[in-house]
Amino acid sequence: MPHLIIEHSNNLPIPAQQLVEAVHLATQSTALFDPTTLKTRTQSTDYYKLAEGKTGFVHIHAHLIEGRSEAQKQLLSNALLEVLQTMFDKNWLLSVHPYDLLPSIYRKN
């Protein structure tokens, strides 16, 4: 845990795998998680509408097992946003949102 889902417009200026690697490493650098449990993937979006002058977007959904403190979630959000800001110019909409998964209903095999 966590599941990091990188939703992005289909016009990335870099290879999607490079984005996955950077986000994965930024998450690891927080030392909040066992590195063997991190899962990172992308979802490209073909159809979207943005504010005038914006080139594209990247939004990271960080699904976490419930129990992390607000400070820990802020640390993760800041680390992920900072790495995005190094990869994309100011014409890109960049955002991160950690979500709690409830252990009582989350299932995996």
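Residues numbered from 1 in each chain as written. Predicted model: local features only at pLDDT ≥ 70, side-chain atom pairs only at ≥ 80, totals over all residues. Heavy atoms only, no water.

Chemist: Give me the lowdown on the overall build of the protein, citing residues and values where you can.
Modeler: For the protein, the count of helices and strands is two helices and four strands. Order of helices (α) and strands (β) in the protein, N terminus to C terminus: β-α-β-β-α-β. Relative to the globule expectation of 13 Å for 109 residues, the C-alpha radius of gyration of the protein, 14 Å, shows essentially globular dimensions. Projecting the C-alpha coordinates of the protein onto the three principal axes gives extents of approximately 40 × 25 × 25 Å. Across the 109 residues that make up the protein, the buried fraction comes to 39%. Sequence-distant contacts in the protein: of pairs separated by 6 or more residues, those separated by 24 or more amount to 81%. (Helix = DSSP H or I, 4+ residues; strand = E, 2+ residues; numbered from the N terminus. Rg over C-alpha atoms; globule rule 2.2 N^0.38 Å. Buried < 20%, exposed > 50% of the residue type's maximum accessible area, 1.4 Å probe, protein only. Contact = heavy atoms within 4.5 Å.)

Chemist: Quick one: what's the story with the sheet that holds strand β1 (residues 3-9), residue by residue and with numbers?
Modeler: Across the sheet, four strands lie side by side as β2-β1-β3-β4; this open sheet has mixed pairing. Strand pairing shows two members of the sheet lacking a second neighbour, β2 (39-45) and β4 (92-101), which therefore form its edges. This sheet shows a mean twist of 15° between the axes of neighbouring strands, independent of strand direction. Where strand β3 (residues 56-65) lies against β4, 10 bridges are found, and the strand directions are parallel. (Pairing = 2+ DSSP bridges. Axes fitted to C-alpha atoms, helices over the stretch in contact; angles between N-to-C directions.)

Chemist: An account of the environment of H61 is needed here, citing residue identities and associated values.
Modeler: Note on placement: H61 falls in strand β3. By relative accessible area, which is 17% here, H61 ends up buried. For the pair H61 and H97, spaced 36 residues apart in the sequence, the C-alpha separation amounts to 5.3 Å. Look past the residues within four positions of H61 in its chain and what remains in contact with it is H3, L4, I5, E7, H97 and Y99. Within the local environment of H61, its side chain forms a polar contact with the side chain of E7, the two groups lying 3.0 Å apart. (Polar contact = N/O pair within 3.5 Å; in protein donor to acceptor, adjacent residues only side chain to side chain.)

Chemist: How would you sum up the packing of aromatic side chains? Please name residues and give values.
Modeler: A complete count under the given rule lists two aromatic pairs for this structure. Relative to F57, the ring of Y48 lies with its centre 5.5 Å away and its plane at 75°, an arrangement referred to as edge-to-face. Classification of Y48 by relative accessible area gives partly exposed; the value is 32%. Residue classification places F57 among the buried residues on the basis of a relative accessible area of 12%. (Phe/Tyr/Trp six-rings, centres within 6.5 Å; stacked < 30°, edge-to-face > 60°.)

Chemist: Tell me about the packing of helix α1 (residues 16-29) against helix α2 (residues 70-87), and name the residues and values.
Modeler: Two numbers describe how α1 lies on α2: the axes approach to 9 Å, and their chain directions differ by 145°. Crossing angle aside, the handedness with which α1 passes α2 is right-handed. Residue-level contacts link Q18, L19, A22, V23, A26 and T27 of α1 to L76, A79, L80, V83, L84 and M87 of α2. The residue makeup of the contact of α1 with α2, split by class, is 10 nonpolar, two polar and no charged. (Left-handed = near helix turned anticlockwise from the far one by under 90°. Nonpolar A, V, L, I, M, F, W, Y, C, P; charged D, E, K, R; others polar.)

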